[in-house]
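Breakdown of the fold
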Amino acid sequence: MRKNKMMRIASALLVAVLLTTCAISGTFAKYISTASGSDSARVAKWSIEVEGTDIAISPDATITFDLFDTVKDTEFAAEENVTVGSGETIIAPGTSGSFTLDITNTSEVDATYTIALEETNAGNIPLKYSVNGTDWVDSVAELTMTALTDVAIAKETGVAEQTVYWKWVFDNAAVDAADLHAGQTDVTDTALGIQADDATPAEVTIKATITATQVD
Amino acid sequence: MDNEKKQKRGWLILIILLLLVFFTVTTFMLVSRFNDFLPDSSGAISLIPDDDDSDDGDDFVAQPDFEVSDNQGVWSTDTKIDIFRVSYENGEAVTTVKSDNEDKIIAPGTENSYTFKLHNTGNVALDYEVVVEAYVTPSDLKLPVDGRMNRYDNKWIVGGNNKYDNVLALNNATDTMTLAAGRYSSYTLDWRWLFEQGDDALDTALGTRAADEDLTLTIAIKTTATESADPHGGGGMLPQTGDNNSAIIWAILAICSIVMMGILIFSKDEEEKKEKCKK
C-alpha cells in the first residue's frame, strides 16, 4: 500500500513537471516569418540538320554528295547529246547540273551556317559555279567566300535550301569572255575529251563541309 | 528480500525528491514569465518583457510584421520568381534565344538580373536571414554560368563589383541584418552565360545534350525574420514617399501659376475701376 502511494506521488509529480515544462516553452514563443522563392531553367537545345544528319553532334560535319548526279545541258534542260556511261557520271562541254543542301535549325537559338566547298580538279576541267544560276565564278573557293559564309538560319523552324550549280560552257564563241572559264578554249576542251579516252581520264570531286554557329 | 525492498523504496524516494525539485524550479520559472506579461493599468499586455517596474501607463505594444516582394508581387512559400526567362534579346532588340515550349532556358550569351525586397512592415526591429540555394540537375553537370549577389548598400554576398563567381557559389550564400521598423532592404542577383567563355566545345556539347535530356539550373532563396532583441534598433532604407520628378521644376511652375493668377486678378480689378469711372 505504501509503495503504491509513493508510485502514485511519483507519477503525479512526473506529469506535473512535464506540464510546467511545456508551458514554459510556450511563453518563450517569438514571432517568426518565412518566405521563399525559386526558379529553374534548362539549357537551350542546339540541333542543326543537313540532309537529315544532325551536324551539331560533330561541329564541322562533312557531307559527301555527288554534284554531278544530275547532268543537264547548259540551259539546265535534259541532256540529249551526251551519253551517260554505265556506273559512271560523265560531264562534257555543254553539260550542267545542280545539287541542293537542305539545312534545318531546330535549336532554340538563332544560328548561321557556312558551307566550305572543296574541289579536287587535277585535270583543270573548266567548270563554273553559282548559287543562283546567274552569277558564275570559276572556283568553289570563290563561291564559299561570297555566298556561302555566315548565312542566317532562324531558330525553332528555320529551314534553308542551298543550291550549288555547275556548268561546262559549250560554245566559247557564243558567250562573252566573262562567262567563259579562265583559260578555257576549244583546244583545252578537246584535249580533255581525248584524255577521257585514256585509262586516266580527268575527274573532279566536290566535298562540302558545313559549320553552324550560334548567333549572339 | 527486505534489503531489496528497502533499496527499491530508496530509489523511489530519490526519484520523488528529484521530481519535486524539477517541479519547483519549472513552476518558479513559469510564474516569473507570467509576471512579465501581466496587464498594465491600461489593460494592455506587452508581447515583450516589460523591465520597467514603474507603471507609466504607456507601454509599447509590439506588432511585428515582415514582407518579401519583387516587381511581380509579394512572396509566400516557394513562390515562383523570375530569375530566368523564356526568351532573350540581343543588343539590337532581336530575340535570338527562345524556348520552344515555354520552359525557361539559358544559353550562351544570355544573362539576367533579379531584385527582391525585404520590408519590415511592423513596429519593432526584426533580425532577418537570407539563404540562397543553387544546384544543377544532373548533379555532375558542369555549367559555365556565372553569378553574383549584392545588397542595397553594396555589400557583396557573392562575387564583386567587377567579379563573377561560378553560379554554384551562390549555394548556401547567407546574409543577415537587423531591419528597423518601417525600413526595407533589397538584394540583386545577377547571372550570365558568356557568349565567348573560351570553351565552345563545352557549350556545343551542352546544347547537343540538351536536345535529348533536361539539363537544369535551379536557384532558391529563403528568408526568415524574427523579433530583434532591441525593438528600436536596426537599419535599412527608408521607404520612398514621393516620386523621382524634379521638385524644382514643379516649384517654378507653381510660382508662374501664382504670378499669372495675380496678373489676371489685378488686370480685372483695373478694368472694373475704369468702367466705374466712366459711369
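From a predicted model like this one, the values you see are computed outputs, not experimental measurements. (Residues numbered from 1 in each chain as written. Chains lettered and ligands numbered in written order. Predicted model: local features only at pLDDT ≥ 70, side-chain atom pairs only at ≥ 80, totals over all residues. Heavy atoms only, no water.)

1. Here's the deal with the interface of chain B and chain A
Each side of the interface is counted separately: chain B has 69 residues, and chain A has 44 residues. Surface buried jointly by chain B and chain A totals about 5,000 Å² across both partners, of which 61% is contributed by carbon and sulfur atoms. Across the contact surface, chain B and chain A share 32 residue pairs in polar contact (both at pLDDT 80 or more). Among the elements of the structure, α1 (2–36), β1 (66–70), β3 (79–80), β5 (95–98), β6 (105–106), α2 (200–210) and β14 (216–227) of chain B are those that each provide at least two residues to the side of chain B that touches chain A. Among the elements that make up the side of chain B that touches chain A, the one with the highest residue count is α1(B) (15 residues). The class makeup of the residues in the side of chain B that touches chain A is 36 nonpolar, 19 polar and 14 charged. Where strand β1 (residues 32–43) of chain A meets β14(B), 11 bridges bridge the pair, whose relative direction is antiparallel. Following the sheet pairing, S36(A) is matched in β14(B) by K222(B). (Contact = heavy atoms within 4.5 Å. Buried area = accessible area lost by both parts, 1.4 Å probe. Polar contact = N/O pair within 3.5 Å; in protein donor to acceptor, adjacent residues only side chain to side chain. Helix = DSSP H or I, 4+ residues; strand = E, 2+ residues; numbered from the N terminus. Nonpolar A, V, L, I, M, F, W, Y, C, P; charged D, E, K, R; others polar. Pairing = 2+ DSSP bridges.)

2. Some details on the pattern of salt bridges
Counted according to the given criterion, the structure contains 16 salt bridges over all chains. Put simply, D110(A) and K155(A) hold a salt bridge, and the shortest N to O gap is 3.1 Å. Taken as a pair, D110(A) in the loop between β6 (95–105) and β7 (111–120) and K155(A) in the loop between β9 (151–153) and β10 (158–167) lie far apart in primary sequence, 45 residues in all. Taking the shortest distance from any N to any O, the salt bridge between D175(B) and K155(B) comes out at 2.5 Å. Linking D175(B) in strand β12 (residues 174–179) with K155(B) in the loop between β9 (146–151) and β10 (156–158), this pair joins segments that are 20 residues apart in sequence. Taken together, the shared-partner salt bridges connect R42(A), K45(A), E108(A), D100(B) and D103(B) into one network. (Salt bridge = Lys/Arg side-chain N within 4 Å of Asp/Glu carboxyl O.)

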